[in-house]
Amino acid sequence: GAVVSQHPSWVICKSGTSVKIECRSLDFQATTMFWYRQFPKQSLMLMATSNEGSKATYEQGVEKDKFLINHASLTLSTLTVTSAHPEDSSFYICSVTRGGLIETQYFGPGTRLLVL
Amino acid sequence: DAKTTQPTSMDCAEGRAANLPCNHSTISGNEYVYWYRQIHSQGPQYIIHGLKNNETNEMASLIITEDRKSSTLILPHATLRDTAVYYCIVRVSQGAQKLVFGQGTRLTINP
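1. So, the overall build of chain A
Here is step 1 of the chain: Within chain A, the regular secondary structure consists of zero helices and 11 strands.
Here is step 2 of the chain: Element order for chain A, N to C, with α for helix and β for strand: β-β-β-β-β-β-β-β-β-β-β.
Here is step 3 of the chain: Relative to its length of 116 residues, chain A is compact, with a C-alpha radius of gyration of 13 Å against a globular reference of 13 Å.
Here is step 4 of the chain: Overall, chain A is about 45 × 25 × 25 Å in size when its C-alpha atoms are taken along their principal axes.

Encoded structure:
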């Protein structure tokens, strides 16, 4: 498999502030990482695809200026929620794609964000 | 990627086999069937994947019908810790493709 960590595991912030979430691939170099968001009682929704050394690809309806993604190294991708509002409160999950004959995605433990 | 259909919820007694069905009638020849589960407030956990042959690992078995239009995930001896939402996803195996999650099946293991 693959070991993926996220930091922080949970965060509470005031409305209007920015929050940075880190996703690390601990045991292999990940060219591609994905960022998902999950609201209560809903399924995971892909936000963006993060590629090392290039700009992220955002899904339709996801504001790239609000959700800044930086994939500066093969083991670290960051998601920054800028000017957070209560409606941004959610569970944010990253994943990495481990290649080979058959690709498999492995997920981090998630970060719960609460914006007051 | 092909769409999948799963029952919304299922119950199973602890110690019994849990059989979770998934329909994927529009699956393409190069698409694999992947299963993940999500325990409450955690990230999804990879379980197993397959193309057309039945597969087994330490977590579960995957049975894929000959026409590949449906599959069944089998947890042979369910425990309380297997209570989770189980997702069946079909996608190609290469190209760093995204996973599209449906609503999954909420499996409850009862003591």
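That covers the picture; the talk isn't over yet.
2. Structural notes on the overall build of chain B
Here is step 1 of the chain: Within chain B, the secondary structure is distributed over zero helices and nine strands.
Here is step 2 of the chain: Its C-alpha atoms give chain B a radius of gyration of 13 Å, within 12% of the compact-globule value 13 Å for 111 residues.
Here is step 3 of the chain: Each of the three principal axes of chain B carries a C-alpha extent, and together these read 40 × 30 × 25 Å.
Here is step 4 of the chain: Per-residue burial over chain B gives 44% buried out of 111 residues.
Here is step 5 of the chain: When the accessible surface of chain B is totalled, it reaches about 5,700 Å², and 47% of it is carbon and sulfur.
Here is step 6 of the chain: Of the charged side chains in chain B, 10 are positive and 9 negative, and the gap between their average positions amounts to 5 Å.

3. Here we look at the state of the cysteines
All names here are of chain A.
Here is step 1 of the chain: Applying the stated criterion across every chain yields a total of two disulfides over all chains.
Here is step 2 of the chain: A sulfur-sulfur separation of 2.0 Å characterises the disulfide bridge that pairs Cys-23 with Cys-94. Disulfide Cys-23 to Cys-94: torsion about the S-S bond roughly 80°, handedness right-handed. You can see Cys-23 sitting in strand S3 (residues 19-25) and its partner Cys-94 sitting in strand S9 (residues 90-98), a full 71 residues away along the chain. Take Cys-23 and Cys-94: they sit in the same class, and that class is buried.

4. Remarks on the interface of chain A and chain B
Here is step 1 of the chain: Contacts between chain A and chain B engage 22 residues on the former and 22 residues on the latter.
Here is step 2 of the chain: Summed over the shared surface of chain A and chain B, the result is zero salt bridges.
Here is step 3 of the chain: Counting the contacts that link chain A with chain B gives five residue pairs in polar contact (both at pLDDT 80 or more).
Here is step 4 of the chain: When residues of the side of chain A that touches chain B are traced back to their parent elements, those giving at least two are strand S4 (32-38), S9 and strand S10 (104-107) of chain A.

5. Some thoughts on the pattern of salt bridges
Residue and element names in this part refer to chain A.
Here is step 1 of the chain: Overall, the coordinates contain four salt bridges over all chains when judged by the stated rule.
Here is step 2 of the chain: Where Asp-27 meets Arg-98, a salt bridge forms, and the shortest distance between an N and an O atom there is 3.7 Å. Taken together, the positions of Asp-27 in the loop between S3 and S4 and Arg-98 in strand S9 put the pair 71 residues apart, joining distant regions of the chain.
Here is step 3 of the chain: A relative accessible area of 39% places Asp-27 in the partly exposed class.
Here is step 4 of the chain: Since its relative accessible area comes to 29%, Arg-98 is described here as partly exposed.

6. A look at the packing of aromatic side chains
Aromatic ring pairs are reported here in terms of the distance separating the ring centres and the angle at which the planes meet.
Here is step 1 of the chain: Going through the model one piece at a time under the given rule, you end up with nine aromatic pairs over all chains.
Here is step 2 of the chain: Taken together, a centroid distance of 5.8 Å and an interplanar angle of 90° make the contact between Tyr-36 of chain A and Phe-101 of chain B edge-to-face. One end of the pair, Tyr-36 of chain A, is in strand S4; the other, Phe-101 of chain B, is in the loop between strand S8 (84-92) and strand S9 (105-110), on a second chain.
Here is step 3 of the chain: With a relative accessible area of 0%, Tyr-36 of chain A lands in the buried category.
Here is step 4 of the chain: Phe-101 of chain B sits in the buried class, given a relative accessible area of 7%.
Here is step 5 of the chain: In this structure an aromatic cluster arises from ring pairing among Tyr-36, Tyr-106 and Phe-107 of chain A together with Tyr-36, Tyr-46, Tyr-87 and Phe-101 of chain B.
Here is step 6 of the chain: The ring of Phe-28 of chain A is capped by Arg-98 of chain A, whose NZ or CZ atom sits 4.5 Å from the centre of that ring.

7. Some details on the sheet that holds strand S7 (residues 67-73) of chain A
Residue and element names in this part refer to chain A.
Here is step 1 of the chain: Strand order across the open sheet formed by four strands is S1-S3-S8-S7, with antiparallel pairing between neighbours. If you trace the sheet from one side to the other, it starts and ends with strand S1 (4-7) and S7, each paired once. On average, adjacent strands in this sheet sit at an angle of 15° to one another, irrespective of strand direction.
Here is step 2 of the chain: The sheet contact formed by S1 and S3 spans four bridges and is antiparallel. Its bridge partner being in S3, His-7 is matched across the sheet by Glu-22.

What counts as what
- Residues numbered from 1 in each chain as written.
- Chains lettered and ligands numbered in written order.
- Predicted model: local features only at pLDDT ≥ 70, side-chain atom pairs only at ≥ 80, totals over all residues.
- Heavy atoms only, no water.
- Helix = DSSP H or I, 4+ residues; strand = E, 2+ residues; numbered from the N terminus.
- Rg over C-alpha atoms; globule rule 2.2 N^0.38 Å.
- Buried < 20%, exposed > 50% of the residue type's maximum accessible area, 1.4 Å probe, protein only.
- Areas by Shrake-Rupley, 256 points an atom, 1.4 Å probe, with all protein chains shown as cover.
- Lys, Arg positive; Asp, Glu negative; His and termini not counted.
- Charge placed at Lys NZ, Arg CZ, Asp CG, Glu CD.
- Disulfide = S-S within 2.5 Å.
- Contact = heavy atoms within 4.5 Å.
- Salt bridge = Lys/Arg side-chain N within 4 Å of Asp/Glu carboxyl O.
- Polar contact = N/O pair within 3.5 Å; in protein donor to acceptor, adjacent residues only side chain to side chain.
- Phe/Tyr/Trp six-rings, centres within 6.5 Å; stacked < 30°, edge-to-face > 60°.
- Lys NZ or Arg CZ within 6 Å of the ring centre and 35° of its normal.
- Pairing = 2+ DSSP bridges.
- Axes fitted to C-alpha atoms, helices over the stretch in contact; angles between N-to-C directions.

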